[in-house]
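Summary of the model geometry
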Amino acid sequence: MAPTIELSGLEVQLGGRKILHGLTGAVHSRAIGLLGPNGAGKSTLINTLLGFHPPSGGTARVLGLDIRDAHTDLRSLVGYMPENDAFVSRMTGVHFVRYMAEISGLPPDLALERAHEAFVYVGLGEARYRKLGTYSLGMKQLAKLAQAIVHGPRLLILDEPTNGLDPPGRKRLIGLIREIRQASNTHLLLSSHLLHDVEQTCDEVLILRDGRIAGIINLEEERKSNRRFLEMEVMGSGAGFTSGLGTMGCECAAFGDSRLKVVLPAGVEIHDVYRLAAEQGVRIRKLNYRRDSLEDIFMNAMAQTGAGATNGRI
Amino acid sequence: MAVYKRRYESYGGALTKRWSRAFVLTRYATRDLFRSRFFTGFFILSLVPVLGFAGYIFVANNKLLHEVLSFRSSATLPVGEEFFAIFLEVQTSLAFLLTCWAAPTLVAGDLSNGALPLFLSRPLSRAEYVTGKFAVLAVLLSLMTWIPALILLLLQAGLGPDGWLKPHLWMIGPILWCSLIWIILLSLIALAASAWVKWRILAMASIFGVFLIPAGFGAVLNAILHTNWGNLLNISYMFQEIVWAGFHASYQGGEGAIPKSAAWAMLIAICLFCLHLLHTRLRAFEVVRG
């Protein structure tokens, strides 16, 4: 399968400062999350893929199209929801979305039809004849989503879509994004620093840090091979207990005399650990069971330095 | 994505021709301009002088009216080169005022609302964006300048003496190119000023400023240095000189002619500078240096 986005030594320099440092990697999934702390280069990467910033070195291919020489064709396939406020305030919502649809190439009558449909779909049906300048922040976000999907793009690029939304608004927007992903063959590139949003909507994650790729992770594979952890505080002689855990196939790390972190292999359950503790005369004072979350993966990627921060999988 | 189904569906229908999409901007912007009663009123008023000139042609060619009103033929301006030069001078002045009102709404609004990334993330280049907005002004100013001028020419050909048209046919050339120069120059200056300033009222003021402030500065230079080269800073002066030269008449509007080649070079330089400004300012995202 051809990669959705393929980066080949992509470099971007803005205002005399290098923002993206020779990004190389490929992401194949239909829903890709772009993660990274503020200033990592997420928006710059999106803007470069859209052709807003010319690469100073290397190139990238999106849906098989090179961003250097096919950016107009590429833009025909893309729906973009920018991070910042972007609208024509004196226009009504439906008029604005129709306008955007027509620029994307839809004939006027179909553009109007799709604009109404997009507005109803995102839940702004009642407000479609109001001027955009009067919309609340949440409504503006939804209107931006409507204009991004009105022409039925093959790739939907969402830059911080849940910014400034209250929890119900955020939940609703994430629900819509998931629905769009499931209901069509639309690819998704979602940039966010909210891990939960990415985890809920994406199959693969590209993590950026300081303009470099800190990791490319297939969330589906990670979920399948998801490691389970036990964080424990124990009392009593721990040596026999830890060697017993080792015999069971657990990876075990001790912190001081009483704290243990244990990675459970497949087939070993918590009650096996309790049984071993009883056999060894160890009292478990505290036990915390959890799975490896995107947050762990992300924090791990952020913690890596130097050679560990090279492009590719972490 | 049917309304009643309320679910997302991709679009796989017909698409319009790529070249036509820039003119979607023209259509929407023109419609938007004419939503303003003030603008519509002003546009209609700007066509009133055309009726005046048409009336003059009718009177000038009507012998009965001459006798009734006791006109002396020698006291009236003949419908010829000078007549059309004056017509263009009047209409281009009105075109300037109309542009000052219309241009800032075309670009400054998009910039101040951050809408440019939405336009440019679609299959629309920056050049096509400018073309689409430029076409709005081009259509409006054409309706005020060369189109009525050609209608007046045809009116005179119809009402005037037999054989009037043939020796005056050459005037179609200066009518067209003088109007086009003004349309291009005025539109580019107005769009560049709007893109630079972003705020509508300020953009309006800056368009006035571009025409008036350097002209005043040029006049001061002329007075202090006893030269005519200060007129190179007066855009209106240079244009009028070119218009009158086009109609084979000497410009009556000011003193101290400058070489036509210098006026041409200056106007071309201004256009190029405006294109540079548009190229610099009309970007999806501004890059802050430093």
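Quantities reported herein were computed from a predicted structural model and do not represent experimental measurements.

What follows deals with the nonpolar core. Membership of the largest hydrophobic core comes to 153 residues, with the highest contact counts inside it found for A:V97, A:A146 and B:L191. Looking at this core, the element that brings in the most residues is helix α5 (residues 81-112) of chain B, giving 15 residues. Setting aside residues no more than four positions away along its own chain, A:A146 makes contact with A:V97, A:A118, A:F119, A:V122 and A:L124. Listed in part, the eleven residues of the second largest apolar core include A:V234, A:F241, A:A277 and A:V282.

Moving on, we come to the sheet that holds strand β2 (residues 17-27) of chain A. All names here are of chain A. An order of β2-β1-β4-β5 is seen for the four strands of this open sheet, with the pairing classed as antiparallel. At either margin of the open sheet sits one strand with a lone partner, and together these are β2 and β5 (65-66). Summarising the sheet, strand β1 (residues 5-14) and β2 pair through seven bridges and their orientation is antiparallel. Looking at the pairing, I5 lines up with V27 of β2.

Many authors give the size of an interface as the accessible area that is lost as the parts come together. Each partner contributes to the interface: chain B provides 36 residues, whereas chain A provides 44 residues. At the level of elements, α1 (22-33), α5 and α6 (116-120) of chain B are the ones that each hand at least two residues to the side of chain B that touches chain A. Among the elements that line the side of chain B that touches chain A, the one with the most residues is α6(B), at four residues. The class makeup of the residues in the side of chain B that touches chain A is 20 nonpolar, nine polar and seven charged.

Residue and element names in this part refer to chain B. Where α5 contacts helix α11 (residues 200-225), the two axes come as close as 9 Å, and the packing angle between them is 130°. Taken as axis vectors, α5 and α11 run oblique relative to one another. Between α5 and α11 lies a crossing whose hand is right-handed. In this structure, α5 contributes C100, W101, A103, P104, T105, A108 and G109 to the contact, and α11 contributes R200, A203, M204, I207 and F208. Class assignment for the residues of the contact of α5 with α11 results in nine nonpolar, two polar and one charged.

Now for helix α13 (residues 260-281) of chain B. Residues and elements named next belong to chain B. Taking 1.5 Å per residue as the helical rise, α13 with its 22 residues ought to reach 32 Å, and the 32 Å between its terminal C-alpha atoms agrees with that figure. Inspection of α13 places A263, C274 and L278 among the buried residues, and these make up the whole buried set. The arc enclosing the buried residues of α13, seen along the axis, measures out at 50°, which places them on a common side. Among the exposed residues of α13, those pointing more than 90 degrees away from its buried face are S261, I268, A269, L272, H276 and T280. Along its buried surface, α13 packs onto α7 (126-144), α10 (172-197) and α12 (235-246).

Here the focus is the confidence of the model for chain B. With 91% of its residues at a pLDDT of at least 70, chain B reaches an overall mean of 88. As scored by the predictor, the complex reaches a pTM of 0.83 and an ipTM of 0.85.

Each value, and the rule that gives it
Residue positions are given per chain, counted from 1 along the sequence in the order it is written. Chain letters and ligand numbers both follow the written order, the letters beginning at A and the numbers at 1. Local features in this predicted model are restricted to residues whose pLDDT is 70 or higher, and side-chain atom pairs enter the listing and the counts only when it is 80 or higher, whereas totals over whole chains, interfaces and linings include all residues. The nonpolar core criterion groups buried Ala, Val, Leu, Ile, Met, Phe, Trp, Tyr and Cys residues into a set whenever they are joined through C-beta atoms within 7 Å. In this scheme every C-beta is placed from the backbone, and a residue whose C-beta has 20 or more other C-beta atoms within 10 Å is buried, one with 12 or fewer is exposed, and one in between is partly exposed. Counting from the N terminus, the helices are the DSSP runs of H or I reaching at least four residues and the strands are the DSSP runs of E reaching at least two. Two residues form a contact once the distance between their C-beta atoms, set from the backbone, is within 7 Å. Being paired, for any two strands, means DSSP has found at least two bridges between them. Amino acids outside the nonpolar list (Ala, Val, Leu, Ile, Met, Phe, Trp, Tyr, Cys, Pro) and the charged list (Asp, Glu, Lys, Arg) are all regarded as polar, and Gly is one of them. Fitting a line to C-alpha atoms yields each axis, with helices limited to the stretch in contact; the angle taken between N-to-C directions then spans 0 to 180 degrees. Orientation is classified from the angle alone, with under 35 degrees giving roughly parallel, over 145 giving roughly antiparallel, 65 to 115 giving roughly perpendicular, and any other angle giving oblique. In this scheme the crossing of two helices becomes right-handed for a clockwise turn of the near helix relative to the far one and left-handed for an anticlockwise turn of less than a right angle. Helix span, as expected, comes to 1.5 Å for every residue beyond the first. In this description, the arc belongs to the directions extending from the helix axis to the C-beta atoms. As a per-residue measure, pLDDT tells how confident the predictor is, with possible values from 0 to 100.

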